Each structure stands twice: as structure tokens, then as C-alpha cells.
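# Chains, contacts and geometry: an overview
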Amino acid sequence: MRVILFTGKGGVGKTTTAAATAVSAARAGVKTLVMSTDAAHSLGDALGVALGGSSSGSPVDVEPGLSALQISPPHRLGESWRVVQDYLLAVLDTIGVDPVVAEELTRLPGAEEVAALLELRSQVESGPWDLVVVDCAPTAETLRLLALPEALAWHLERLLPAQRGLIRTLRPAAAAAAGVPLPDPAVVEAVTGWHRQMREVHRILTGDQASVRLVLTPERVVIAESRRTWTSLSLYGFVVDAVVVNRVFPDATAEAGQRPDAWRASWNTAQQGGLVEVRESFAGLPVVVTPYLPSEPIGADALADLAEAQDGGSDVLAPVTHRGLTVERTDEGFLLVLPLPLAHAADLGLQRRDDELVVTVGEHRRVLTLPSALQRCVVEGASVRDGLLRVRFVPDEEVWPRG
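Below: a short report on this structure. (Residues numbered from 1 in each chain as written. Predicted model: local features only at pLDDT ≥ 70, side-chain atom pairs only at ≥ 80, totals over all residues. Heavy atoms only, no water.)

## Observations concerning the environment of Glu63
When you line up the elements, Glu63 lands in strand E3 (residues 60–63). Residue Glu63 is classed as buried on the basis of its relative accessible area of 19%. Measuring from C-alpha to C-alpha, the distance between Glu63 and Arg27 comes to 9.1 Å, with 36 residues separating the pair along the chain. If we ignore the near neighbours within four places in the chain, the residues touching Glu63 are Val23, Arg27 and Ala300. Only 2.8 Å separates the side chain of Glu63 from the side chain of Arg27, close enough to count as a polar contact. (Helix = DSSP H or I, 4+ residues; strand = E, 2+ residues; numbered from the N terminus. Buried < 20%, exposed > 50% of the residue type's maximum accessible area, 1.4 Å probe, protein only. Contact = heavy atoms within 4.5 Å. Polar contact = N/O pair within 3.5 Å; in protein donor to acceptor, adjacent residues only side chain to side chain.)

Okay, here's the thing in C-alpha cells:
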């Protein structure tokens, strides 16, 4: 099983690229599912099929070996969230919150993102697929989506012990005196289930079977955003294994007996400069170049032609080489290493908080729960070099006295 997620700045053709990859793989004999987490719901338009009519949220067969799915958030979250929402509504009712206001306050934030993650997990764990292609939302939404499993699991881990302790220690009489209803076991069970599922989603997305591919066009603004996205994805532990450059104009060199096309020639010059910048920025990653075709690729046949026209494609089932977070033993203590390509020390923030290390790059933050050995150490220093964050830990003298 392989999972490939496509993301990029809005309007660069990520949906078309994801669909073309899925069609090409299916026609090569790879049983493929292509699914979309993008609220724009344009995957069906690209494939030329209707994906919005299935209330059950089941995949739709596009052609032999290829199915497609548009996620339905109410279908994925309805029952489990309703249990928790009913409890929250009861709590708000006891303190006099208007029922209409309470209903709005208890709507699940990020419902679409959670639904997408749960559906992805379900298809990977139980679906008959060799390949799952995910057409993600534009980069900002994708980063929020991919950071959600670890962040939500972190919060749930801290909520669950408190809830269990509350249920054990508070008696019904004490709860009545406090005027606040205790959560039913079904509420705790729902939250526990979410915690388990979020951990499983994170394991899938950061494991050896999953990777992200950045889709862009050879323009400065788009390249700059893609560079930042690569750094942010690496911060959260996700591996980018390729860059797809879309809408590259054909060469304007004049054919025999014709004058050169000056307008297209100027675009050729600009895009060739952009391609040089892409290859320099994403050194070490395969760069797939997609030509700008004469017509919009809609439908499976046109998408297959688009995939065939790409230069630099690779085997979609090829294994992923991960360079995630590692901890190494040194003579002085330990070295924590986290890939952060293109990051600069000026953009980086580090904070030790009890048994956690908070790493901030720009506006993105990741809370790392330290291994037990590092929890008994103190941070001695950190550096960013060659696309790697290195944090040095030495034993805490109060915990591990020398001599």
C-alpha cells in the first residue's frame, strides 16, 4: 500500500495532477483510489464523473482499477460527535446558555479535516487498494490538516486522564451539588476512540508508505510558498518525495518558414529561470515537468495523456526513504536531529517545557514529546545546518550526577 498526497498553492493544478497520477497508475495495473480533502470538490470535474451523489460516502468506480471518493463530513462524524455534543449541551444548559447559542458553540471545529483523516485511515486500513492518491486542499489548509492528528492526540492524552479521574472520584451527589453533569461512559469512549484513531492516522502519514508531492508552477511567488511548505511539512514529520512543475509552455522556436512567437518566447525565458530555481531550491528531490497542453485535460483519457506527457515521473509504488526525527548517542550525551530543509536559524524557535520540546518555524509549531532518556537531560545547544536541526542534550547533573 502506498499513500501519496498532492498539495500546492491554489490554482497550480494539484487536482489535475493527482487525478492524472491516479489514472496512469490504474491503467498500469495498480488498484487505485483517488480521494479529495479539498472543499472545492473539483476532483469529480477533473475526472468527468459525479462524486457528490453518494450519501454513504462510498467510492465511485471511474474505470477498471480506479475509484474516486469525495468525503462527506456528516457521514463520518455524525454519531460519535453527537454523543459528545449532547453532553456539552447539557453542561451549557446548567449554566444558563441559550440553546441556540449552545448549539453553535458545540459545533465541531475542523469537522471537514477530521472527517478527511478518518476516511483516509479507513480506506488505508480496510480498502482493497494498492495506491491511495489524496488531492489535498491548498497548502495552508493542508498543513493544518496534516498537523491535526498529532496535535489533537496530544490534547486528548491530557484530557482523558482528567475525565477518567473525575468519573472515579466524583459521586453523583457531589456532581449534583456542583450542578454540572458528569460525562457518561459513552462520552469518554468516543473521545478515547478519537485519540486512538488520530494516533493511527499519524502513524500512517509519517510511516514508510506515505509521502507528499508539491505541485507548483515555475513562478517566483509560487516557488517561494512551496519552499516554505517543504520546511513546514518536514517540521511535522512528513516526507516530500517529489516536486511537480505544471504548465510549462512549449518551446517558441519558430518552425521552418515561420516567425518566432515573441510573447511565448518571453514566457519560455521566464519559466526556464523558474525551473532553474526549482531545481536549486529542491535539490535532491525528483522534479517532474508537465507541459501546458493545448486543451484542458478533463476525463480519464485526457488525464492519461497528461501523465504520459510528463518528464521525470517515477514508480508510484516505489518505497519511501524517510529521514524523520532521530536521536543519536554521543560522548557528551544525546543529539536530536530533525530534517528542516531550507530553514534558517533566524526563523527557528526552541523551548523546553517539562518533558516536551517545542519547535517553531515561522508561524508553525510542533510539540515533541521527548524520549525518556532525553527527559532526564538539559538542552546544551542547537544549530541548523545542511537542512537539519540538531539539538544537543547533556545529562542533568541533578538527575544523573557525575562520578
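## Side note on the sheet that holds E3
Strand order in the open sheet formed by 8 strands is E3-E4-E2-E5-E1-E6-E7-E8, and the pairing between neighbours is mixed. Of all strands in the sheet, those bounded by a partner on one side alone are E3 and strand E8 (287–291). If you compare each strand with its neighbour and ignore which way they point, the axes differ by 25° on average. Bridge analysis of strand E1 (residues 2–8) against strand E5 (residues 131–135) gives 5 bridges, and the strand direction is parallel. Note on E5: the bridge partner recorded for Ile4 is Val133. Those strands touched by helix H10 (residues 262–281) are strand E6 (210–216), strand E7 (240–248) and E8, and its axis lies near 180° from that of E7. (Pairing = 2+ DSSP bridges. Axes fitted to C-alpha atoms, helices over the stretch in contact; angles between N-to-C directions.)

## Description of unusual backbone geometry
At Leu342, a position not held by glycine, the phi torsion is positive, near 70°. Positionally, Leu342 belongs in the loop between strand E10 (334–339) and strand E11 (348–353). Of note, Asp386 is a non-glycine position whose phi angle comes to about 55°, a positive value. As for its placement among the helices and strands, Asp386 is situated in the loop between strand E14 (377–385) and strand E15 (388–395). Looking at Asp386, the relative accessible area reads 68%, which means it is exposed.

## Thoughts on the packing of aromatic side chains
Under the defined criterion, the tally for this structure stands at 5 aromatic pairs. Here the aromatic rings of Phe249 and Trp263 are separated by 5.9 Å at their centres, their planes lie at 75°, and the arrangement is edge-to-face. Here the residue Phe249 occupies a position in the loop between E7 and H10, and Trp263 occupies one in helix H10, the gap between them amounting to 14 residues. The interplanar angle of 45° and the centroid separation of 5.6 Å between the aromatic rings of Phe249 and Trp267 together place this pair among those described as tilted. Highlighted residues: Phe249 in the loop between E7 and H10 and Trp267 in helix H10, separated in sequence by 18 residues. Of the residues examined, Trp267 reaches a relative accessible area of 31% and is grouped as partly exposed. Taken together, the ring pairs connect Phe249, Trp263, Trp267 and Tyr292 into an aromatic cluster. (Phe/Tyr/Trp six-rings, centres within 6.5 Å; stacked < 30°, edge-to-face > 60°.)

## A word on the pairing of E14
Taken together, the 8 bridges between E14 and E15 define a ladder with antiparallel strand orientation. Across the sheet, Gly381 pairs through a bridge with Arg392, a residue of E15. Between E14 and E15, which follow one another and run antiparallel, lie 2 residues, and Asp386 among them has a positive phi close to 55°.

## A few points about the sheet that holds E10
Sheet architecture is open: 4 strands sit in the order E9-E10-E15-E14, paired in antiparallel fashion. At either end of the open sheet lies a strand with only one pairing partner, and these are strand E9 (326–329) and E14. Recorded for the sheet is a direction-independent mean angle of 20° between the axes of neighbouring strands. In this sheet, E15 lies alongside E10 in antiparallel orientation, the contact comprising 6 bridges. Paired with Leu336 across the strands is Val391, a residue of E15.

## As for the side chain of Ser234
Within the element layout of this structure, Ser234 appears in helix H9 (residues 220–235). Given a relative accessible area of 8%, Ser234 falls into the buried group. From its side chain, Ser234 meets the backbone oxygen of Trp230 in a polar contact 3.0 Å long. Here Ser234 is in contact with Leu338, Pro339, Leu340 and Pro341, once residues within four sequence places are set aside.

## Details of the pairing of E1
With 7 of 7 residues buried, E1 lies mostly within the body of the structure. Every second residue of E1 is oriented toward a common face, with Arg2, Ile4, Phe6 and Gly8 on one face and Val3, Leu5 and Thr7 on the other, all of them buried. With 6 bridges joining them, E1 and E6 adopt parallel strand pairing. In the strand pairing of E6, Ile4 is matched with Ser211.

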